[in-house]
Amino acid sequence: MRNIEAAKKEQTTGEVWRAIDLVCDRWVNLIMHSIFVGQRRFADLLKYTGMARSLLASRLKRMEEFGLIFRRPYQDKPVRYDYRLTDMGRDLFDVSMMIVRWEKLWHDDAKNPVLRSSHTLCGKVFTAECRCSECGEIVTGRDVKVVLGTSRREGAPAQRGSDFRRSKIKSSSLETMVPMLERSMEIWGDAWSVNVISAAFCGIDRFSAFEEALDIAPNILTDRLNRLVDLGILERRKYQERPDRKSYHITRKGHDLYPVILMLMKWESNWLTDGRKSGPRLIHTVCGRRFTPIATCSECHEPIIGREVKLGVPPSNRAGKTKARRP
Ligand SMILES: [Zn+2]
Ligand SMILES: [Zn+2]
């Protein structure tokens, strides 16, 4: 709690909040994911995401203005562009990999399988891991101390643009095109949900404390807490009778979301705050050092970078025959 309290006293940075609103917008998330998996042209994005043309165009424009993507001509007469990630956009790859990791841990089933990706460096199908940059060990929520929380929004939450207000997801399009993302969108497509989870990770567990720390309207908070309980991310525990009072705690499923929060924090401090100076400081209690979370491969434990990840199972694995990779 102290972290958020400290952050509240910090000078608020509107830019960080604009970024969280943008990055945690369900459609932006979906577009980013589509570009990561190789959809670059407008027509392909339209098909892959199932979004309405005008909605896709407006989100792409906003993402371009913010600096997540840029346009590159691939044809003259008539001139046509495709969409590429900037360094800032590409850096969200780690966030995306951690979302896929969580999906694999909690929602992978035969009927609705999570996308498989392979690591070209080791040639194996992998799951992303989150490791400490200093000692190389796997990082979990239980062994991280956040010295300073994220900065808080300026102004009342009710004044957010209506465009970004939570709207009921048109799940039919998502179901057909990218089923695996649907559950994640419930969480990551909404900036308030992300903030409620972040606050819970900082030790906040009571309604009034969430309200104060996040400067969130009670009706919005109630809605997000209920939703996170329904999703199995938080659980209610009674801490007082007459009147009944309940506190909110992170479940095991919720704890597995921690790497996503860590990667979002890393992205934020890389691009939106004055780097390591004003960003939150993360201490890995296992080694006692200040660290940066690193996304690594579950098979070879090397850091993963976008161009070394291919969607799908590598041909050698699929056919059941193994190709000699090393002498
Ligand atoms: Zn460490
Ligand atoms: Zn690997």
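Residues numbered from 1 in each chain as written. Chains lettered and ligands numbered in written order. Predicted model: local features only at pLDDT ≥ 70, side-chain atom pairs only at ≥ 80, totals over all residues.

Colleague: Lay out the environment of Met-97 with the relevant residues and their values.
Modeller: Mapped onto the secondary structure, Met-97 falls in helix α7 (residues 93–107). In this structure Met-97 touches Ala-128, Ala-295 and Ile-304, once residues within four positions along its chain are discounted. (Helix = DSSP H or I, 4+ residues; strand = E, 2+ residues; numbered from the N terminus. Contact = placed C-beta atoms within 7 Å.)

Colleague: Give a detailed account of the nonpolar core, specifying residues and quantitative values.
Modeller: Core analysis: the largest hydrophobic core is formed by 68 residues, its most contacted members being Ile-31, Met-98, Val-196, Ile-197, Ala-200, Val-260 and Ile-261. By residue number, the principal contributor to this core is helix α10 (residues 191–201), which donates eight residues. (Core = buried A, V, L, I, M, F, W, Y, C linked by C-beta atoms within 7 Å. Buried ≥ 20, exposed ≤ 12 C-beta atoms within 10 Å, placed from the backbone.)

Colleague: Can you explain the sheet that holds strand β6 (residues 144–146)? Please cite residues and give values.
Modeller: Strand order across the open sheet formed by three strands is β6-β9-β10, with antiparallel pairing between neighbours. Edge strands, defined here as strands with exactly one partner in the open sheet, are β6 and β10 (289–290). (Pairing = 2+ DSSP bridges.)

Colleague: With reference to specific residues and values, describe the pairing of strand β11 (residues 293–297).
Modeller: For β11, the tally of buried residues reaches five of five residues, placing the bulk of the element in the interior. Neither face of β11 is exposed, since Pro-293, Ala-295 and Cys-297 on one face and Ile-294 and Thr-296 on the opposite face are all buried. Both strand β5 (residues 128–132) and β11 contribute to a ladder of five bridges, which runs antiparallel. Note on β11: the bridge partner recorded for Glu-129 is Thr-296.

Colleague: I'd like a description of unusual backbone geometry, backed by residues and values.
Modeller: Residue Pro-78 is bonded to the preceding Lys-77 through a cis peptide linkage, with omega at -10°. Locating Pro-78 in the fold gives a position in the loop between β1 (69–75) and β2 (80–85). Despite not being glycine, Arg-242 shows a phi value in the positive range, around 45°. Within the secondary structure, Arg-242 sits in the loop between β7 (234–240) and β8 (245–250). Judged by the 5 C-beta atoms lying within 10 Å of it, Arg-242 falls in the exposed class. Phi at His-301 is positive, roughly 60°, even though this residue is not glycine. Note on placement: His-301 falls in the loop between β11 and β12 (309–311). Of the residues examined, His-301 has 14 C-beta atoms within 10 Å and is grouped as partly exposed.

Colleague: Explain the environment of Lys-253 to me, and be specific about the residues and the numbers.
Modeller: Inspection of the secondary structure assignment puts Lys-253 in helix α13 (residues 252–255). With 16 C-beta atoms counted inside 10 Å, the residue Lys-253 sits in the partly exposed group. Residues Lys-253 and Trp-102 lie 151 residues apart in sequence; the distance between their C-alpha atoms is 8.5 Å. Not counting residues within four places of it along the chain, the set of residues in contact with Lys-253 comprises Trp-106, Gly-232 and Ile-233.

Colleague: Outline the packing of α10 against helix α12 (residues 218–230), listing residues and values.
Modeller: Look at α10 against α12: their axes get within 10 Å of each other, and the N-to-C directions meet at 75°. Here α10 lies roughly perpendicular to α12, going by the angle between them. On the side of α10, the interface is formed by Trp-192, Ser-193, Val-196 and Ile-197, while α12 contributes Ile-220, Arg-224, Leu-225, Arg-227 and Leu-228. For the contact of α10 with α12, the residue count by class is six nonpolar, one polar and two charged. (Axes fitted to C-alpha atoms, helices over the stretch in contact; angles between N-to-C directions. Parallel < 35°, antiparallel > 145°, perpendicular 65-115°, else oblique. Nonpolar A, V, L, I, M, F, W, Y, C, P; charged D, E, K, R; others polar.)

Colleague: Kindly report on the confidence of the model for the protein, identifying the contributing residues and their values.
Modeller: Taken residue by residue, the protein gives an average pLDDT of 77. The fraction at 70 or more is 73%. Every residue in residues 1–14 is under pLDDT 50, and counting partners more than four places away or in other chains gives 30 contacts. Counting contacts from residues 318–327, a segment whose pLDDT is below 50, to residues more than four positions away or on other chains yields five contacts. (pLDDT = per-residue confidence, 0-100.)

Colleague: Go over the environment of Ala-191 with me, naming the residues and quoting the values.
Modeller: Considering the arrangement of structural elements, one finds Ala-191 in helix α10. When the C-alpha positions of Ala-191 and Val-23 are compared, they lie 8.1 Å apart, and in sequence the two are 168 residues distant.

Colleague: Quick rundown of the sheet that holds strand β4 (residues 124–126)? Include the residues and the values.
Modeller: Read across the sheet, three strands follow the order β4-β3-β12 without closing on themselves; strand pairing throughout is antiparallel. Edge positions in the sheet fall to β4 and β12, since each has one partner strand and no second. Strand-to-strand twist across the sheet, computed as the mean angle between neighbouring axes with direction ignored, equals 45°. Inspection of the sheet shows strand β3 (residues 117–119) paired to β12 by three bridges, in the antiparallel sense.

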